[in-house]
Structures are given as C-alpha cells and as structure tokens.
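Reading the structure
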Amino acid sequence: PFLPPLYSTMGRYRPKRTQKGKLDHKKAVKVKRRKKDLDQIQDEIKIVEKKGLKLPFDPDLPGLGQFYCVPCARYFINETTQRNHEKTKDHKKQIKKVKEKQYTQKEAEEAAGMGTSNTQSEKKEAHMIM
C-alpha cells in the first residue's frame with residue numbers, strides 16, 4: 001500500500017505551534033515584564049531624597065545592582081550605559097512624568113465617580129453652606 005509522506009516536497013508546511021493565541025501565555029509574559037507604576041517610582045524618589053541612594057551588591061541584577069536609574073526603575077551593566085540612557089528621549093519623558101504631582105486616593109476615587117455624588121440635594125447643601 002502507498003503511504004504519503006508526512007511532509008511532501010511540494011505545498012506548504014504545517015505552521016509551527018506558537019503561543020500566539022493562548023491568552024494565559026500573553027498574561028504571563030505581561031506580568032513577568034511588568035514595570036513599576038508611576039506612583040511607586042514617585043514614592044521611591046521621596047525615600048531616596050531623604051535617605052540617599054545606597055545600593056547593595058546583588059549578583060542577580062545587571063552590573064551587580066550598582067547602576068540604577070531611579071526615575072525609570074532600571075538597572076544597567078555599567079556607568080557608560082547608564083549615562084547613555086540618561087541622554088535618551090525615553091528617560092527625559094519619564095523625568096517629566098515623575099515630576100508631575102502625585103495623585104491622592106481621593107482624586108482617584110473622584111475620577112472614577114466613586115468619591116463624590118452628583119445628586120441635587122448635595123449640591124444644594126454645599127451651596128447653602130457657602
């Protein structure tokens with residue numbers, strides 16, 4: 001009996017099975033490469049301003065953890081790469097973002113519509129007090 005070969009010389013090959021359509025894989029990669037949020041960086045900068053930046057040696061980090069950019073929350077392998085990074089557009093944009101006023105929890109709740117109510121009775125009470 002004639003058995004056709006698994007992959008013939010003509011035609012298309014079977015596409016490789018990648019992680020393309022798997023949502024759990026996408027989420028895992030996204031969480032693995034997660035960067036610090038802006039408010040976390042701003043809190044870290046406040047601590048650095050008070051206590052100063054003293055980095056412990058860590059063999060798991062690039063450059064033994066000694067070359068750290070606080071606004072970007074990134075480690076570098078040496079001082080040269082850190083200085084080159086400080087000249088980039090991404091670093092300068094991040095500095096502008098970090099210098100902005102930090103949002104409070106109250107402001108976040110108001111933006112989400114949770115903190116304040118837009119009912120007529122509360123508006124009248126607030127107007128009467130003034």
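Residues numbered from 1 in each chain as written. Predicted model: local features only at pLDDT ≥ 70, side-chain atom pairs only at ≥ 80, totals over all residues. Heavy atoms only, no water.

Here the chain averages 81 in pLDDT, while 72% of its residues score no lower than 70. Here helix α6 (residues 120-129) stands out as the least confident element of the chain, with mean pLDDT 58; helix α3 (residues 79-86) is the most confident, with 96. (pLDDT = per-residue confidence, 0-100. Helix = DSSP H or I, 4+ residues; strand = E, 2+ residues; numbered from the N terminus.)

Note on placement: Q42 falls in helix α2 (residues 38-51). The exposure class of Q42 is buried, given its relative accessible area of 8%. For the pair Q42 and K97, spaced 55 residues apart in the sequence, the C-alpha separation amounts to 9.5 Å. The contact partners of Q42, leaving out residues within four places of it in the chain, are K97, V98, E100 and Q102. In this structure the side chain of Q42 is engaged in a polar contact, spanning 3.2 Å, whose partner is the backbone oxygen of E100. (Buried < 20%, exposed > 50% of the residue type's maximum accessible area, 1.4 Å probe, protein only. Contact = heavy atoms within 4.5 Å. Polar contact = N/O pair within 3.5 Å; in protein donor to acceptor, adjacent residues only side chain to side chain.)

Its location among the elements puts H85 in helix α3. Under the relative-accessibility criterion, H85 is labelled buried at 6%. A polar contact of 3.1 Å, which involves the side chain of H85, links it to the side chain of H91. Leave out the neighbours within four places in its chain, and H85 touches C69, C72, R74, F76 and H91.

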